[in-house]
Amino acid sequence: FCGECLQPCLQVPSPLCPLCRLPFDPKKVDKATHVEKQLSSYKAPCRGCSKKVTLAKMRVHVSSCMKVQEQMANCPKFVPVVPTSQPIPSAVPNRSTFTCPYCGARNLDQQELVKHCVDNHRSDPNRVVCPICSAMPWGDPSYKSANFLQHLLHRHKFSYDTFVDYSIDEEAAFQAALALSLSEN
């Protein structure tokens, strides 16, 4: 594991392996020196300036490469395919993919997060912040769920995007729901 992926596992009182979920001693974590050697010896061209850089230094180089910065600036801006009431994504937080609060697995959509946690963290007793709730306008990023798995299974059976208009406040949403329910009768 790279340090960034392993770090969340080391920050709990009883660390568990992100792969097999067995307890491990953080003092016995070994660096994969053979992988570090490979990353330091293999070179690849930068996607911007084509300069050959070792893979170990590629991320740092790309983040400071002027050609890459120019390419990023010239990328087409997001334009919705059809008209939408939702704000353009650059101005809103990511509410479509989430990071597992136990092991740091990334880019999980809501259903994948639920499945991942059921499959991999069923017996994890740690209190964690729900990444779905904390991404919502009403979410509390400091609230730790006492039983995260049950929370996921009960509160996140559907995607909020299907039912929520993030551009209106709670009172306006309540009024719209009331008006809609009265018009259906």
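Everything that follows concerns the structure shown earlier in this document.
Procedures and definitions
- Counting from 1, residues in each chain are numbered in the order their sequence is written.
- Where local features are concerned, this predicted model is filtered to residues with pLDDT of at least 70; where side-chain atom pairs are given and counted, the filter is 80 or more; whole-chain, interface and lining totals use all residues.
- With hydrogens and water stripped out, all remaining heavy atoms of the structure feed into the side-chain values.
- Strands here mean DSSP runs of E at least two residues long; helices mean DSSP runs of H or I at least four residues long; both are numbered from the N terminus.
- Throughout, radius of gyration means the C-alpha value; the globule benchmark is 2.2 Å times the number of residues raised to the power 0.38.
- Residue exposure (1.4 Å probe, protein chains only): buried if accessible area is under 20% of the type maximum, exposed if over 50%, otherwise partly exposed.
- Any pair of residues with heavy atoms lying within 4.5 Å of one another is described as a contacting pair.
- For every accessible area listed, the method is Shrake-Rupley and the probe measures 1.4 Å; residues are considered covered only by the protein chains on display.
- By the counting rule applied here, Lys and Arg register as positive and Asp and Glu as negative, while His and the ends of each chain are not counted.
- To locate a charge, take NZ of a lysine, CZ of an arginine, CG of an aspartate or CD of a glutamate.
- In this analysis an axis means a line fitted to C-alpha atoms, helices contributing only their contacting stretch, and an angle means the value between N-to-C directions, from 0 to 180 degrees.
- Two helices crossing with the near one rotated counterclockwise from the far one by less than a right angle form a left-handed crossing, whereas a clockwise rotation gives a right-handed crossing.
- Put simply, Ala, Val, Leu, Ile, Met, Phe, Trp, Tyr, Cys and Pro go in the nonpolar bin, Asp, Glu, Lys and Arg in the charged bin, and everything else, Gly too, in the polar bin.
- Any residue with relative accessible area above 30% and no salt bridge may belong to a patch, with like charges joined within 9 Å and the nonpolar Val, Leu, Ile, Met, Phe, Trp and Tyr side chains within 5 Å.
- Salt bridges are counted wherever a side-chain nitrogen of Lys or Arg sits within 4 Å of a carboxyl oxygen of Asp or Glu.

(A) View of the overall build of the protein. Scanning the protein for helices and strands turns up nine helices and four strands. Each helix (α) and strand (β) of the protein, taken in turn from the N terminus, gives the series α-α-β-β-α-α-α-β-α-β-α-α-α. For 185 residues, the compact-globule estimate of 2.2 N^0.38 gives 16 Å, and the C-alpha radius of gyration of the protein, at 22 Å, exceeds that figure by more than 25%. Its C-alpha atoms put the protein at 70 × 45 × 25 Å along the principal axes. Within the protein, the proportion of its 185 residues that are buried is 25%. In the protein, the share of contacts with a sequence separation of at least 24, taken over all contacts with a separation of at least 6, comes to 34%. With the model as given, the accessible surface of the protein reaches about 13600 Å², and the carbon-plus-sulfur share is 58%. Computed over 21 positive and 16 negative side-chain charges, the inter-centroid distance for the protein is 14 Å.

(B) Structural detail: the packing of helix H5 (residues 110-120) against helix H7 (residues 148-155). Between H5 and H7, the shortest axis-to-axis distance is 10 Å and the interhelical angle comes to 145°. Viewed along their axes, H5 and H7 form a crossing whose handedness is left-handed. Touching Leu113, Val114, Cys117 and Val118 of H5 are Phe148, Leu149, Leu152 and Leu153, all from H7. Of the residues that constitute the contact of H5 with H7, the class distribution is eight nonpolar, no polar and no charged.

(C) Structural view of a positive patch on the surface. Taken together, the side chains of Lys43, Lys51, Lys52 and Lys57 define a basic patch exposed on the protein surface. Note on placement: Lys43 falls in strand S1 (residues 43-45).

(D) Structural view of the pattern of salt bridges. Counted under the stated rule, the structure contains two salt bridges. Between Asp119 and Lys115 there is a salt bridge, and its shortest N-O distance comes to 2.6 Å. Highlighted residues: Asp119 and Lys115, both in helix H5, separated by four residues, approximately one helical turn. Classification of Lys115 as exposed rests on a relative accessible area of 53%.

(E) View of the environment of Val29. You can see Val29 is positioned in the loop between helix H1 (3-10) and helix H2 (33-41). Owing to a relative accessible area of 37%, Val29 belongs among the partly exposed residues under this scheme. Note: C-alpha distance between Val29 and Leu10 (19 residues apart in sequence) is 9.9 Å. When residues no more than four places from it in sequence are discounted, the contact partners of Val29 are Leu6, Leu10 and Phe24.

(F) Summary view of a nonpolar patch on the surface. Taken together, the side chains of Val35, Leu39, Tyr42 and Leu55 define a hydrophobic patch exposed on the protein surface, amounting to about 330 Å² of accessible area. By the element assignment, Leu55 lies in helix H3 (residues 55-64). When its relative accessible area of 38% is taken as the criterion, Leu55 is described as partly exposed.

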